[in-house]
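Structural characterization, general
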Amino acid sequence: MTRIRMNVDGVAYDDDVEPRLLLVHYLRDRLGRTGTPVGCDTSNCGACTVHLDGKAVKSCSVLAVQADGGEVTTIQGLAPPNANSEGWHPVQRAFHERHALQCGYCTPGMIMAAVDLLRDVPDPTEEQVREGLEGNLCRCTGYQNIVDAVLDAASSMKAGS
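Rules used in this analysis
Sequence order as written defines residue numbering, which begins from 1 separately in each chain. Two thresholds apply to this predicted model, a pLDDT of at least 70 for residue-level local features and 80 or more for giving and counting side-chain atom pairs, whereas whole-chain, interface and lining totals are computed over all residues. In computing side-chain values, all of the structure's heavy atoms are included and hydrogens and water are not. Think of it this way: any DSSP run of H or I at least four residues long counts as a helix, any run of E at least two long counts as a strand, and we number them from the N terminus. Any N or O atom pair separated by 3.5 Å or less is treated as a polar contact, with the protein-specific requirement of one donor-capable and one acceptor-capable atom, and with residues adjacent in sequence counted only for side-chain atom pairs. To sort residues, take the accessible area from a 1.4 Å probe on protein chains only and compare it with the maximum for the residue type: under 20% means buried, over 50% means exposed, and anything in between is partly exposed. Directions from the helix axis toward the C-beta atoms define the arc. In this description, contact between two residues means that some pair of their heavy atoms is separated by no more than 4.5 Å. All axes are obtained by fitting lines to C-alpha atoms, using only the stretch in contact for helices, and the reported angles, taken between N-to-C directions, cover 0 to 180 degrees. The labels follow the angle: roughly parallel below 35 degrees, roughly antiparallel above 145, roughly perpendicular from 65 to 115, and oblique for the rest. Crossing handedness is read from the near helix: turned anticlockwise from the far helix by less than a right angle, it gives a left-handed crossing, and turned clockwise, a right-handed one. The nonpolar class holds Ala, Val, Leu, Ile, Met, Phe, Trp, Tyr, Cys and Pro. Asp, Glu, Lys and Arg form the charged class, and all remaining residues, Gly among them, are polar. Any cysteine sulfur atom paired with another within 2.5 Å is treated as part of a disulfide. Two strands form a pair only when DSSP identifies at least two bridges running between them.

Thoughts on the environment of Gln-66
Checked against the element boundaries, Gln-66 lands in the loop between β4 (55-58) and β5 (71-73). Distance in space between the C-alpha atoms of Gln-66 and Glu-126 is 34 Å, their sequence separation being 60 residues. A distance of 2.7 Å separates a polar side-chain atom of Gln-66 from the backbone nitrogen of Leu-63.

With respect to helix α1 (residues 23-30)
Along α1, the residues classified as buried are Leu-23, Val-24, Tyr-26 and Leu-27. Along the long axis of α1, the arc covered by the buried residues comes to 170°, so they all point the same way. Against β1 (2-8), β2 (11-17), β3 (49-52) and β5 lie the buried residues of α1. Directly beyond the C-terminal end of α1, a positive phi value near 70° is found at Gly-32.

Re the side chain of Thr-36
Secondary-structure assignment places Thr-36 in the loop between α1 and β3. Look past the residues within four positions of Thr-36 in its chain and what remains in contact with it is Val-24, Arg-28, Cys-48, Val-50, Ser-59, Thr-74, Ile-75 and Gln-76.

Quick word on the environment of Gln-76
Looking at where Gln-76 falls in the secondary structure, it is placed in the loop between β5 and α2 (90-97). Looking at Gln-76, the relative accessible area reads 32%, which means it is partly exposed. Distance from Gln-76 to Leu-118, taken between C-alpha atoms, is 18 Å for residues 42 residues apart in sequence. Sequence-distant contacts of Gln-76, defined by excluding residues within four places in its chain, comprise Asp-9, Gly-32, Arg-33, Thr-34, Gly-35 and Thr-36. In this structure the side chain of Gln-76 is engaged in a polar contact, spanning 3.4 Å, whose partner is the backbone nitrogen of Thr-34. A distance of 2.8 Å separates a polar atom in the side chain of Gln-76 from the backbone nitrogen of Gly-35.

Overview of the packing of α2 against helix α3 (residues 107-120)
Put simply, α2 and α3 touch, their axes get as near as 9 Å, and they point 130° apart. Relative to α3, the element α2 is oriented oblique. The way α2 lies across α3 gives a crossing that is right-handed. Contacts from Val-91, Gln-92 and Phe-95 of α2 reach α3 at Thr-107, Met-110, Ile-111, Ala-114, Val-115 and Leu-118. Class assignment of the residues belonging to the contact of α2 with α3 gives a composition of 7 nonpolar, 2 polar and no charged.

A closer look at the state of the cysteines
What the rule picks out here adds up to 0 disulfides. A disulfide-free cysteine, Cys-103 has its sulfur positioned 3.8 Å from the sulfur of Cys-140, the nearest such atom. The exposure class assigned to Cys-103 is exposed, which follows from its relative accessible area of 57%.

Concerning the pairing of β1
Pairing of β1 with β2 involves 7 bridges; the strand directions are antiparallel. Residue pairing for β2: Arg-3 is matched across the bridge by Asp-16. Counting the residues that bridge the hairpin from β1 to β2 gives 2 residues, and of these Asp-9 lies at a positive phi of roughly 55°.

Examining the environment of Gly-109
As for its position among the elements, Gly-109 is in helix α3. Looking at Gly-109, the relative accessible area reads 0%, which means it is buried. For the pair Gly-109 and Met-1, spaced 108 residues apart in sequence, the C-alpha to C-alpha distance is 29 Å. Ignoring any residue separated from it by four or fewer positions in sequence, one finds Gly-109 in contact with Gly-46, Ala-47, Thr-49 and Asn-136.

As structure tokens, then:
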């Protein structure tokens, strides 16, 4: 067992873990952060995307011990607990308003990747959004509503709402 410490969604955790435990399984099974789904377990789909020290990572390709000392934000940490649609992160709100989901399985990873993209490129073009989300797969939507939602969120964030 290896001792790790990290902050997840603003809460400090101190745990003993197997060195081979994936971050996605630590988040879901140990911490109950089930908003982060296990998709493909091969880092191909991006459904498990979270932020580690402010950057988007696929949590199925990161060991929990690699996040030791880090700050992890999951989809559940983007908005305050029990927030309604007014308290959501602008990207979450835009996904809801633009119906940028169908089954919803990829949605947490798409939103986390979009937030990361907008942090680096606050006023993206449609092409930049498509490129920025390239590592996240959706098998339901055809992507256009997702792209539109990210562009709407960028406008909303730029306007300060």
